[in-house]
Protein chains: 4
Amino acid sequence: VNTHESPGVEARLSGVLPPLVTPFKLDGSLDLAAFEANLDTYAGADLAGYLVLGSNGEASVLEPDEKLELVKAARRRTPSARRLLVGTGLESTRGTIELTRRVADLGAEGVLVLTPHYYRAQMTTEVLQRYFEAVADASPVPVYLYSVPVFTGIPFPLELAVRLAEHPNVRGMKESSGDVALLGRIVASVPPTFQVACGSAPVLYPALCQGAVAAVLAVACCVPALPVAIFRAHAAGDHTRARTLQQVLTPLAVAVTATYGVAGLKAACDAAGLRGGAVRAPLQPISDAGRALVASLVRDAEAALR
Amino acid sequence: VNTHESPGVEARLSGVLPPLVTPFKLDGSLDLAAFEANLDTYAGADLAGYLVLGSNGEASVLEPDEKLELVKAARRRTPSARRLLVGTGLESTRGTIELTRRVADLGAEGVLVLTPHYYRAQMTTEVLQRYFEAVADASPVPVYLYSVPVFTGIPFPLELAVRLAEHPNVRGMKESSGDVALLGRIVASVPPTFQVACGSAPVLYPALCQGAVAAVLAVACCVPALPVAIFRAHAAGDHTRARTLQQVLTPLAVAVTATYGVAGLKAACDAAGLRGGAVRAPLQPISDAGRALVASLVRDAEAALR
Amino acid sequence: VNTHESPGVEARLSGVLPPLVTPFKLDGSLDLAAFEANLDTYAGADLAGYLVLGSNGEASVLEPDEKLELVKAARRRTPSARRLLVGTGLESTRGTIELTRRVADLGAEGVLVLTPHYYRAQMTTEVLQRYFEAVADASPVPVYLYSVPVFTGIPFPLELAVRLAEHPNVRGMKESSGDVALLGRIVASVPPTFQVACGSAPVLYPALCQGAVAAVLAVACCVPALPVAIFRAHAAGDHTRARTLQQVLTPLAVAVTATYGVAGLKAACDAAGLRGGAVRAPLQPISDAGRALVASLVRDAEAALR
Amino acid sequence: VNTHESPGVEARLSGVLPPLVTPFKLDGSLDLAAFEANLDTYAGADLAGYLVLGSNGEASVLEPDEKLELVKAARRRTPSARRLLVGTGLESTRGTIELTRRVADLGAEGVLVLTPHYYRAQMTTEVLQRYFEAVADASPVPVYLYSVPVFTGIPFPLELAVRLAEHPNVRGMKESSGDVALLGRIVASVPPTFQVACGSAPVLYPALCQGAVAAVLAVACCVPALPVAIFRAHAAGDHTRARTLQQVLTPLAVAVTATYGVAGLKAACDAAGLRGGAVRAPLQPISDAGRALVASLVRDAEAALR
């Protein structure tokens, strides 16, 4: 399969994908069984696919072999109608390419490539362009850019997206800055084959209004039906419902990202009947009060869908 | 009239208001005739009112007596069906209160109060709450909060908006950060009598989707019909048109704010047949290339409305 | 006197100058008697002069006539052997020039000109260069640049200092960023007639080591003898004493600037037998605990000098 | 050897240590021969030891096995009179501990542990304290904290240094923020057994004045004699020479860090007769003009020492 051709229907990014959490046991080791159990639960939700090894999957604290184990497990549990994306961005071009090739061999259908950021002062638009082009040249599967300044400290210039959208193997972007002006400008500046996913749940509905065609959101791990309902309401032109549900989504989204981080998201998964599991140090477990708050927000979210 | 009562129809903030530019002559002196001529031109646009002495009105470089002259001139040219708001935020509580009283005496129907910011490390939520409450207590007219972190360096915490919304004389807010997640959270957290205006044109349409009920936008000075058309399209449920027009609005809005600042906005006014005039130093005139670009974007905007 | 000539001995910036606090009465009005009483107290300290209308003088919340009153009072109480500097930076070039001329008429021997900052995105090196040059061209007295990014949000580029040092009426700079690398680079890049004052007390001793020749420090208001002792120890080559005293100075300096701001500085003045007075709203009075801490640090500082 | 005891003479951090560059061949592979050749050259310099796997060693783009190869090579070439420190900070506590144990087994005499930073919003003082304590508990060799906000985006609170200084196996810190006020506060707040190294060459001399007892500086890779001369001049009380040499050091230091980054440092090594080699992508080679500038600064530095 020459995946550098124009994307077919199967390659389109659309709908809602959870950036899967990586459950750990209390001793810090990987809990693959919990990971697979979550995938079984997600089978009943209206999800377009999964992202493995994203920021919410604690990719930055996983060992190389753990990453491959997770991809294999996800591949086994991902139905053919759903897309399996994998986060492969590392600090070095060669490292990212090598991991990209490995996960493609294991069945990843696309890779999400984080902006390298350690030497941030050197990460000019030109340097980043070369980086992503090198990865896209070498990747056997479609490449999606991943901008998340809250973690990388690197804003993603409009111009960079515009230039990279010309590469036949760069198919889109996860825009997680929450800047819907930028998101709208990107959508308006790239060909429609470059697809923009919203990566910031508190702006899901406005991002869809600005032209996002997909969403990769932490909250989709714990209450997938809520972002899915917003996505559908928007697609159906039911803006009143979209906005109403957004107001329910936002406090939960803030709690499981900005306020409590991954530990909050895992607590929300636990509260929703999934298996969040422990976080890996240096991240610390959520407090009891935090856990109770998160659980309450999960219940609110579930109630809003009834 | 006891304006501390619940707002009547006439006190509602709704629709589009330009933050009027303050034209200067080439020698740097105030050009009141040009200011009044602009108001005459705006008579034909579907505007809900005007804001005098905003950031785009170069309030920070105006002398006290110039401010009063501008308010008087605006009062003379503001039809009764339109609202006249005036920016009165200074660094001191007493200074803001004094200016607020003076402009109310001159006919201002509401004041927009900027976050004080020089001693920013001391501007905690509690300190800002006291400041705005003191101003609201003393103001004979409704008070609107004005958050514009790009100028002040001070983010506006959700909690502050929530607390201030309880004050009977605080009636709303101009939210100019471009953070539509925050805007949505504010709207969802305050009573409907607290009205939120979008102050960032690149997110006008998504801000309306999040619940903004008005817009105070630099671009409304040069091509008022464009934000008005977006406002109306959204109100009518024509999201396709709103989004299409937003994509035309955004490049112009970026040019007359982030890229070229007030000099760009004034050049856009000139290009649109209004009288922008010179900026006051230290701001510098726009380059010829910038002027040409801005004029081209104005023509694009006007063409999109035909 | 043609002050645009090369500076004579009398025009050299050297030694320690307090940026005088502006005492207010409890009702918020100016307490000129307290201001003058402080100047009487300072007569006994080994100070090189005074700065009126600086950031610690709450210049941003003073009315124009209050500013002139303070300059007049300072002029009356400043011995001829001490230099009287006045902060005159406003947001507009014309406003700064007008105030500069007025205070020069009242006897100011130099002006300290703050970076304009409201339209910060437009404040490029070129724009700032033009601003300072216009002020220096018009000023009848020597001009000193004033960089204080903690308040303005504007870093002061090395290149800007280098360019402005060529102007015959720009005689130096108050560098308050705390960045002693920048301070050292400026000193190494300008002619010796451009004199750099340290404006950040926690780096007084290292700034002197990097070539600062003067110091304008909040702590010089409350315990002037301490920075003076550090200045003298450095000048005498007694680095051990300089460093030891710096370790006493730093906690007090942090308390009266970063931690408690002007309210802390005024409390420290009160504790030291001076008259700090109230701050002007929106600044709030220091807490009792803060006041006790500040007083304790003042006592430590005084004890270290015995 | 129980390294958790109080440090003996041999464990003191003192003097100048270069954070060794990692030369790559043009194909991006590790050039161990060049790395070893550099160590042979350094044998003639008055260095206190070496740091392997620091930021300037491009640790973030090295594979795990490459890291171990470098440590082994450094161990072979490090004389017993010099200390061999190794950077081992990764994003996960367990990963950092594992690497720390491995390099200790290979002969590292201390480890430099970077602040984890990917989930920066969660990296509170408490979380960071637990992280460093866990690493220090597990490490068979002394632990040095490594704060470099320009790369991590995480400031290092004074309080964190104070708390960690109580741990018997935390022996000091590399402070690379350039904030000599903070450095001075840390020195004044910890026991003398906690040793602070300056990690920012433009403030080497003022940092020594504030109490730094060692220096780990990029410029020590290309012109080690220059920081060594400053260190000695300061130790000998020759402040005039220290300051004069600092003014030579600073432009070179800025070029090989802030301006050109690691590519600049490697070009400076080439210019000085060492073997810098290529950088690893996404970092890009320095331009010809940059290379010429860096070479010129190296020559200036060498000339100043004659």
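One structure accompanies this document, and this report is about it. Since the structure is predicted, the reported quantities are computational estimates derived from the model, not experimental observations.

1. A short note on the relation of the copies chain A and chain B
So, point 1. Once chain A has been moved 0.0 Å along the axis and rotated by 180°, it coincides with chain B to within an RMSD of 0.0 Å. These values place the two chain copies in the arrangement generated by a two-fold rotation axis. If distances are taken from each C-alpha of chain A to the rotation axis, the shortest is found for A:Pro206, at 2.4 Å.
So, point 2. The fraction of interface residues of chain A whose copies in chain B are also interface residues reaches 100%, indicating that both copies meet through the same surface.

2. Here we look at the arrangement of the chains
So, point 1. These two, chain A and chain C, are apart from each other, with no contact and a minimum C-alpha gap of 17 Å.
So, point 2. No interface is formed between chain B and chain D, the nearest pair of C-alpha atoms being 17 Å apart.

3. Considerations on unusual backbone geometry
Negative phi values dominate among residues other than glycine, just as trans dominates among peptide bonds.
All names here are of chain B.
So, point 1. Backbone torsion omega between Ala281 and Pro282 reads 15°, so that peptide bond is classified as cis.
So, point 2. Tracing the backbone shows Pro282 in the loop between α12 (261-271) and α13 (288-305).
So, point 3. Of note in this structure, Glu58 is not a glycine but carries a positive phi near 55°.

4. Overview of the packing of aromatic side chains
So, point 1. Using the criterion set out here, one finds 24 aromatic pairs over all chains in the structure.
So, point 2. Seen in terms of ring centroids, C:Phe132 and C:Phe156 are 6.1 Å apart; in terms of plane orientation they differ by 55°. Their pairing is tilted. Within this pair, whereas C:Phe132 is found in helix α4 (residues 125-138), its partner C:Phe156 is found in the loop between α5 (149-152) and α6 (158-164), the two being separated by 24 residues in sequence. Across this residue pair, the class does not change: C:Phe132 and C:Phe156 are buried.
So, point 3. Taken together, the ring pairs connect A:Tyr118, A:Tyr119 and D:Phe151 into an aromatic cluster.

5. Describing the sheet that holds strand β4 (residues 110-114) of chain D
Residue and element names in this part refer to chain D.
So, point 1. Pairing is parallel across the open sheet formed by eight strands, whose spatial order is β1-β8-β7-β6-β5-β4-β3-β2. Taken across any chain shown, the strands that pair with only one partner, and hence form the sheet edges, are β1 (15-17) and β2 (49-52). With direction set aside, neighbouring strand axes in the sheet form an average angle of 25°.
So, point 2. Note that strand β3 (residues 83-87) and β4 share three bridges and pair parallel. Counted as the bridge partner of Gly87 is Leu112 from β4.

6. Some details on the interface of chain A and chain B
So, point 1. Between chain A and chain B, the residue contacts involve 18 residues of the former and 18 residues of the latter.
So, point 2. For the pair chain A and chain B, the summed buried surface comes to about 1500 Å²; carbon and sulfur atoms form 64% of the total.
So, point 3. Taken together, the connections running from chain A to chain B amount to zero salt bridges.
So, point 4. Linking chain A with chain B are one residue pair in polar contact (both at pLDDT 80 or more), by the criterion used here.
So, point 5. Sorting the residues of the side of chain A that touches chain B by element identifies α7 (180-189), α8 (204-209) and α11 (239-259) of chain A as the ones contributing at least two each.
So, point 6. The element best represented in the side of chain A that touches chain B is α11(A), accounting for six residues.
So, point 7. Each residue belonging to the side of chain A that touches chain B can be placed in one class, and the counts come to 10 nonpolar, six polar and two charged.

7. Description of the relation of the copies chain D and chain A
So, point 1. Mapping chain D onto chain A is achieved by rotating through 180° and translating by 0.0 Å along the same axis, at an RMSD of 0.0 Å.
So, point 2. An overlap of 100% is found between the interface residues of chain D and their copies at the interface of chain A, pointing to a shared contact surface.

8. Side note on the interface of chain D and chain A
So, point 1. With 42 residues of chain D in contact, the opposing surface of chain A contributes 42 residues.
So, point 2. Across the interface of chain D and chain A, roughly 3200 Å² is buried in total on both sides, 56% from carbon and sulfur atoms.
So, point 3. Applying the counting criterion to the chain D and chain A interface returns zero salt bridges.
So, point 4. Across the contact surface, chain D and chain A share 14 residue pairs in polar contact (both at pLDDT 80 or more).
So, point 5. Residue composition of the side of chain D that touches chain A, by class: 18 nonpolar, 15 polar and nine charged.

9. Brief notes about the side chain of A:Thr152
So, point 1. Mapped onto the secondary structure, A:Thr152 falls in helix α5 (residues 149-152).
So, point 2. Here A:Ile154 takes part through its backbone nitrogen, which lies 3.1 Å from a polar atom of the side chain of A:Thr152.
So, point 3. Dropping the residues within four chain positions of it, A:Thr152 is found in contact with A:Leu114, A:Thr115, A:His117, A:Arg120 and D:Arg120.

10. Concerning the state of the cysteines
So, point 1. Under the counting rule described, the total for this entry stands at zero disulfides over all chains.
So, point 2. Free of any disulfide, B:Cys269 has its nearest neighbouring cysteine sulfur in B:Cys222, separated by 5.3 Å.

11. What about the sheet that holds strand β7 (residues 195-198) of chain B?
All names here are of chain B.
So, point 1. Judged by pairing direction, the sheet is parallel, and its eight strands sit side by side in the order β1-β8-β7-β6-β5-β4-β3-β2 without closing on themselves. Each edge of the open sheet is held by one strand with a lone partner, namely β1 (15-17) and β2 (49-52). Each adjacent strand pair in this sheet contributes to an overall mean axis angle of 25°, direction not counted.
So, point 2. As paired elements, strand β5 (residues 143-147) and strand β6 (residues 170-175) share five bridges and run parallel to each other. Directly across from Leu145, in β6, lies its bridge partner Met173.

12. Things to note about the pairing of β5(B)
Residue and element names in this part refer to chain B.
So, point 1. In terms of burial, β5 is a largely internal element, five of the five residues being buried.
So, point 2. One ladder, built from four bridges, connects strand β4 (residues 110-114) with β5; its direction is parallel. The partner of Leu112 across the bridge, within β5, is Tyr144.
So, point 3. Taken together, β4, helix α4 (residues 125-138) and β5 constitute a β-α-β crossover, and its handedness is right-handed.

13. A word on the packing of helix α11 (residues 239-259) of chain D against helix α12 (residues 261-271) of chain D
Residues and elements named next belong to chain D.
So, point 1. Running from amino to carboxyl end, α11 crosses α12 at an angle of 140°, the nearest separation of the two axes being 5 Å. When the interaxial angle is binned, α11 and α12 end up oblique. Packed against α11, whose contacting residues are Ala255, Val256, Thr257 and Thr259, the element α12 presents Gly261, Val262, Gly264, Leu265 and Ala268 at the interface.
So, point 2. Split into classes, the residues belonging to the contact of α11 with α12 amount to five nonpolar, four polar and no charged.

14. A look at the pattern of salt bridges
So, point 1. Within the structure shown, the criterion is met by 52 salt bridges over all chains.
So, point 2. One salt bridge connects C:Arg232 with C:Asp46, and the closest N-O pair in it is separated by 2.4 Å. With a gap of 186 residues between them, C:Arg232 in helix α10 (residues 225-235) and C:Asp46 in the loop between α1 (32-42) and β2 (49-52) connect regions that are remote in the sequence.
So, point 3. The partner of D:Glu36 in a salt bridge is D:Arg76, with the nearest N and O atoms 2.6 Å apart. Placement of the pair is D:Glu36 in helix α1 (residues 32-42) and D:Arg76 in helix α2 (residues 64-77), with a sequence separation of 40 residues.
So, point 4. D:Arg76 sits in the exposed class, given a relative accessible area of 53%.
So, point 5. Via salt bridges that share partners, A:Glu36, A:Asp40, A:Arg76 and A:Arg77 belong to a single interconnected network.

15. Comments concerning the pairing of strand β3 (residues 83-87) of chain B
Residue and element names in this part refer to chain B.
So, point 1. Among the five residues that make up β3, five are buried, leaving the element largely enclosed by the rest of the structure.
So, point 2. Residues Arg83, Leu85 and Gly87 of β3 are buried on one face, and the alternating residues Leu84 and Val86, pointing to the opposite face, are buried as well.
So, point 3. The pairing of β2 with β3 spans four bridges and is classified as parallel. Residue Leu51 lies in a different strand from β3, and its bridge partner there is Leu85.
So, point 4. One crossover worth recording links β3 to the parallel β4 by way of helix α3 (residues 93-105), and it is right-handed.

16. Let's talk about the environment of D:Lys266
Residues and elements named next belong to chain D.
So, point 1. By the element assignment, Lys266 lies in helix α12.
So, point 2. Sequence separation between Lys266 and Val256 is 10 residues; the distance between their C-alpha atoms is 8.1 Å.
So, point 3. With residues near it in sequence (within four places) discarded, Lys266 still touches Val21, Thr22, Pro23, Phe24, Glu58, Gly276, Gly277, Ala278 and Val279.
So, point 4. Of note is the side chain of Lys266, whose polar atom sits 2.6 Å from the backbone oxygen of Ala278.

17. As for helix α13 (residues 288-305) of chain C
Residue and element names in this part refer to chain C.
So, point 1. Here α13 is 18 residues long and its end C-alpha atoms lie 26 Å apart, about the 26 Å a rise of 1.5 Å per residue gives.
So, point 2. Gly290, Val294, Ala295, Leu297, Val298 and Ala301 are the residues of α13 that are buried. Taken end-on, α13 shows its buried residues confined to a sector of 160°, consistent with a single buried face. Opposite the packed face of α13, turned more than 90 degrees from it, sit the exposed residues Asp288, Ala289 and Arg299.
So, point 3. Buried residues along α13 sit against α10, α11 (239-259) and α12 (261-271).

Thresholds applied
- Residues numbered from 1 in each chain as written.
- Chains lettered and ligands numbered in written order.
- Predicted model: local features only at pLDDT ≥ 70, side-chain atom pairs only at ≥ 80, totals over all residues.
- Heavy atoms only, no water.
- Least-squares fit on C-alpha atoms with pLDDT ≥ 70 in both.
- Contact = heavy atoms within 4.5 Å.
- Helix = DSSP H or I, 4+ residues; strand = E, 2+ residues; numbered from the N terminus.
- Phe/Tyr/Trp six-rings, centres within 6.5 Å; stacked < 30°, edge-to-face > 60°.
- Buried < 20%, exposed > 50% of the residue type's maximum accessible area, 1.4 Å probe, protein only.
- Pairing = 2+ DSSP bridges.
- Axes fitted to C-alpha atoms, helices over the stretch in contact; angles between N-to-C directions.
- Buried area = accessible area lost by both parts, 1.4 Å probe.
- Salt bridge = Lys/Arg side-chain N within 4 Å of Asp/Glu carboxyl O.
- Polar contact = N/O pair within 3.5 Å; in protein donor to acceptor, adjacent residues only side chain to side chain.
- Nonpolar A, V, L, I, M, F, W, Y, C, P; charged D, E, K, R; others polar.
- Disulfide = S-S within 2.5 Å.
- Right-handed = clockwise from strand over helix to strand, strands pointing away.
- Parallel < 35°, antiparallel > 145°, perpendicular 65-115°, else oblique.
- Expected span 1.5 Å × (residues − 1).
- Arc of directions from axis to C-beta.

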